[in-house]
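Residue-level listing of the chains:
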Amino acid sequence: MRIQFRPAAMLLAAAAFVPLASCAGPSAQTRADTQYVARDVNTLYNLAKDRLDRNQYGIAAAIFSEVERQHPYSPWARRAQLMGAFSFYLAREYPEAISSARRFLSIHPGNRDAPYAYYLIAVSYYEQISDVTRDQSLTRQAQAALNEVVRRYPESVYAADARLKLDLVNDHLAGKEMEIGRFYQRRRQWLAATVRFRNVVDSYDTTTHAPEALMRLTESYLALGIVEEARRAAAVLGNNYPESRWYDRAYELMQRHGGPAAPAAGD
């Protein structure tokens, strides 16, 4: 199931730029709004802002692009560029949002709004995370982008939110590894299964999947006849998750193969 996400308050607040003073009213026709007509920056920006406020995000993005195109040297062109990326995000046109935010960063790398642009890229990838049964390349891109926010701006509100999302992303990636490992187990491909479960234990040990991964490792090692490694996996499970139902299962398995590596919960 896809991870659900709603724009964080700081995402909306950072994008809530006030309109320019005085505004020629927006055109009644969408086509008239988006077709090329030379207009002053005041009119264009406020027209785009009006469309954004009316939840017409695709139209807003197109008009913000016109602000930059018609008035590239205006101070408002830079703001319109980032607002266009935000409009694409709200329209769920995530590749366009990412492209626009990256373009902003390439032109204005030291701008005060750069943290917001990096965060917008990260949440645009995050929104595209798919079910664990599907390819997780976008999940890994979300992970990389969220880590970039944390690395560059560790004290920012964006980094705080990125850390929370990283926990979910890592849990999602661990879930994918578990799904593949269980698939290999069903096919009795024990060595391949072990590689997947070992990856969860080594790379995603803080996720909710770690206890099951240790139990599955115990199963797989026993199936391979590597009893000592199974005992070690069960011992780690007992030491770290003694109340887990997964430890109860691992304990029972080890009882049938020469005794447990650690006492059962409550003993």
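This one's a predicted model, so the numbers in the text were calculated from it and none came from an experiment.

Some details on the packing of helix H7 (residues 114–126) against helix H9 (residues 157–186)
Close contact between H7 and H9 brings their axes to 11 Å; oriented N to C, the two are set at 20°. Overall, the two elements H7 and H9 adopt an arrangement that is roughly parallel. Relative to H9, the crossing made by H7 is left-handed. Contacts between H7 and H9 involve Pro 115, Tyr 116, Tyr 119, Val 123 and Tyr 126 from the former and Tyr 158, Asp 161, Lys 165, Leu 168 and Val 169 from the latter. Tallied by class, the residues present in the contact of H7 with H9 amount to 8 nonpolar, no polar and 2 charged.

Section: the nonpolar core
If you look at the biggest cluster of nonpolar residues, it comprises 72 residues, and the most contacted ones within it are Phe 64, Tyr 89 and Leu 120. Ranked by residues supplied to this core, first place goes to H7 with 11 residues. If sequence neighbours within four positions are ignored, Phe 64 has contacts with Tyr 45, Ala 48, Lys 49, Leu 52, Ala 80, Met 83, Gly 84 and Ser 87.

As for the pattern of salt bridges
A complete count under the given rule lists 16 salt bridges for this structure. Among the ionic pairs, Asp 161 bridges to Lys 165, the shortest N-O distance being 2.4 Å. Here Asp 161 and its partner Lys 165 are both found in helix H9, 4 residues apart, which amounts to about one turn of the helix. The two residues Asp 161 and Lys 165 agree in class, both being buried. Of the charged contacts in the structure, one is a salt bridge between Glu 219 and Arg 216, with a shortest N-O distance of 3.3 Å.

The rules behind each value
- Residues numbered from 1 in each chain as written.
- Predicted model: local features only at pLDDT ≥ 70, side-chain atom pairs only at ≥ 80, totals over all residues.
- Heavy atoms only, no water.
- Axes fitted to C-alpha atoms, helices over the stretch in contact; angles between N-to-C directions.
- Helix = DSSP H or I, 4+ residues; strand = E, 2+ residues; numbered from the N terminus.
- Parallel < 35°, antiparallel > 145°, perpendicular 65-115°, else oblique.
- Left-handed = near helix turned anticlockwise from the far one by under 90°.
- Contact = heavy atoms within 4.5 Å.
- Nonpolar A, V, L, I, M, F, W, Y, C, P; charged D, E, K, R; others polar.
- Core = buried A, V, L, I, M, F, W, Y, C linked by side-chain atoms within 4.5 Å.
- Buried < 20%, exposed > 50% of the residue type's maximum accessible area, 1.4 Å probe, protein only.
- Salt bridge = Lys/Arg side-chain N within 4 Å of Asp/Glu carboxyl O.

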